[in-house]
Amino acid sequence: MNTVTVEALRAWSCDGLKWLSKRPGQVISAVAVAVLVTARIRLASVRRERRKRWAKIGKDIVVLHGFPRGRYTPNASPFVMKLETYLRLAKITYVFDDTEPIGPKGQGPWITLNGEEIADSQLIIEALGRKFDKNFTSRLPKEQQAIALAMNLMMTEHITWGLRIWRYVIDKGEQLRKCSRYDLVSELAVYLWFPRIAKKRAWAQGIGRHSEKEVEEMMRQDFAALSDYLGDKPFLMGDNPCEVDCTLFGYISQVLWNYNGSPYGKMVKEDYPNLEAHHSRMKTLLYPDWDALSSLAVKE
């Protein structure tokens, strides 16, 4: 390379550096955009590879996508517990995957079945019930079907919010971090982001406008209603469990195992022991591997 060319390159480099030094904001923005684009391309590639892998699992085998296994329960999410319990009750073959817990609707759990992605635990149960003829509630009298629907909604649309208030707003995710196996990014999200988001959403929903004691009393009334209806029966609708039992099991599992320090575990054990007994029956019936699943997070 001749001298003129070398000098020209040096001059161009100096001019370029001067130009960049005068525009630090533009440089940072450009770098951030480049990093974001690269990350999205990489993520899209990873997602494609995952779906190829899931497609090879086999026909009519459900891939249950959920949050990582818990330390004291198979999962620290009542919705994952509800859905996994239903899969076991219905004897539907499934595999558990926690590499992508958030599904197409921005929530978890969700499933992949024969290449189709289905989100929302309740919609998933209904879809699987139709496909595999495992809609247990449909076999009940109409009056019991109505009661089962009402109780299911009470748990998923009311008890859910009471538990979220304690988990994220009062406890600020401390027990969730203790009972779950999260990576560092998820741990930071639970600590820094989840409490703030949960508080805003609870306020918008309405339950966040009430005091701790008021919310606790609402939860007591819900548990009392479930306990009163269960009575001395082995399961909510009689001698055999159905979908609403899976929902109840998912919530009572959380209260008994993953809410240490909350008033709700003590409330269930002391005031509504038949709910704890229901949990024990469901656990014995459907989770012979409970200890293995729950200890998996500790071993890893």
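Residues numbered from 1 in each chain as written. Predicted model: local features only at pLDDT ≥ 70, side-chain atom pairs only at ≥ 80, totals over all residues. Heavy atoms only, no water.

### Some details on the side chain of arginine 88
Mapped onto the secondary structure, arginine 88 falls in helix 3 (residues 78-89). Apart from the residues within four sequence positions on either side, arginine 88 is in contact with Tyr94, Leu286, Tyr287, Pro288, Asp289 and Leu293. (Helix = DSSP H or I, 4+ residues; strand = E, 2+ residues; numbered from the N terminus. Contact = heavy atoms within 4.5 Å.)

### Notes on the pairing of strand 2 (residues 94-97)
Note: strand 1 (residues 62-65) against strand 2, 4 bridges, orientation parallel. Residue pairing across strands places valine 62 opposite tyrosine 94, the latter belonging to strand 2. Read as a crossover between parallel neighbours, the route from strand 1 over helix 3 to strand 2 is right-handed. (Pairing = 2+ DSSP bridges. Right-handed = clockwise from strand over helix to strand, strands pointing away.)

### Quick look at the nonpolar core
By size, the foremost hydrophobic cluster in this structure holds 60 residues, and its most contacted members are Ile111, Leu128, Phe223, Leu226, Tyr264 and Leu275. Here this core takes 9 residues from helix 5 (residues 142-170), the largest share from any one element. When sequence neighbours within four positions are dropped, the list of residues in contact with leucine 275 reads Phe223, Leu226, Ser227, Leu230, Leu248, Ile252 and Val268. Of all hydrophobic cores here, the second largest spans 5 residues; its members include Tyr168, Leu176, Cys179 and Ala198. (Core = buried A, V, L, I, M, F, W, Y, C linked by side-chain atoms within 4.5 Å. Buried < 20%, exposed > 50% of the residue type's maximum accessible area, 1.4 Å probe, protein only.)

### A few points about helix 4 (residues 121-132)
Taking 1.5 Å as the rise per residue, helix 4 with 12 residues should run 16 Å; its terminal C-alpha atoms sit 16 Å apart, in good agreement. Within helix 4, burial applies to Ser121, Ile124, Ile125, Ala127, Leu128 and Gly129. Where helix 4 is buried, its residues touch strand 1, helix 3, strand 3 (110-113), strand 4 (116-119) and helix 9 (243-257). Near the N-terminus of helix 4, the side chain that reaches the backbone nitrogen of glutamine 122, with its oxygen 3.0 Å away, is that of aspartate 120. (Expected span 1.5 Å × (residues − 1). Polar contact = N/O pair within 3.5 Å; in protein donor to acceptor, adjacent residues only side chain to side chain.)

### Digging into the sheet that holds strand 4
Strand order in the open sheet made by the 4 strands is 2-1-3-4, with mixed pairing throughout. Bordering the open sheet on either side are strand 2 and strand 4, each of which pairs with just one other strand. The mean angle between the axes of side-by-side strands here comes to 25°, regardless of whether they run parallel or antiparallel. Alignment of strand 1 against strand 3, held across 3 bridges, turns out to be antiparallel. In the sheet register, valine 63 faces strand 3, and the bridge partner there is threonine 112. Together, strand 1, strand 3 and strand 4 form the strand contacts of helix 4, whose direction differs from that of strand 3 by roughly 30°. (Axes fitted to C-alpha atoms, helices over the stretch in contact; angles between N-to-C directions.)

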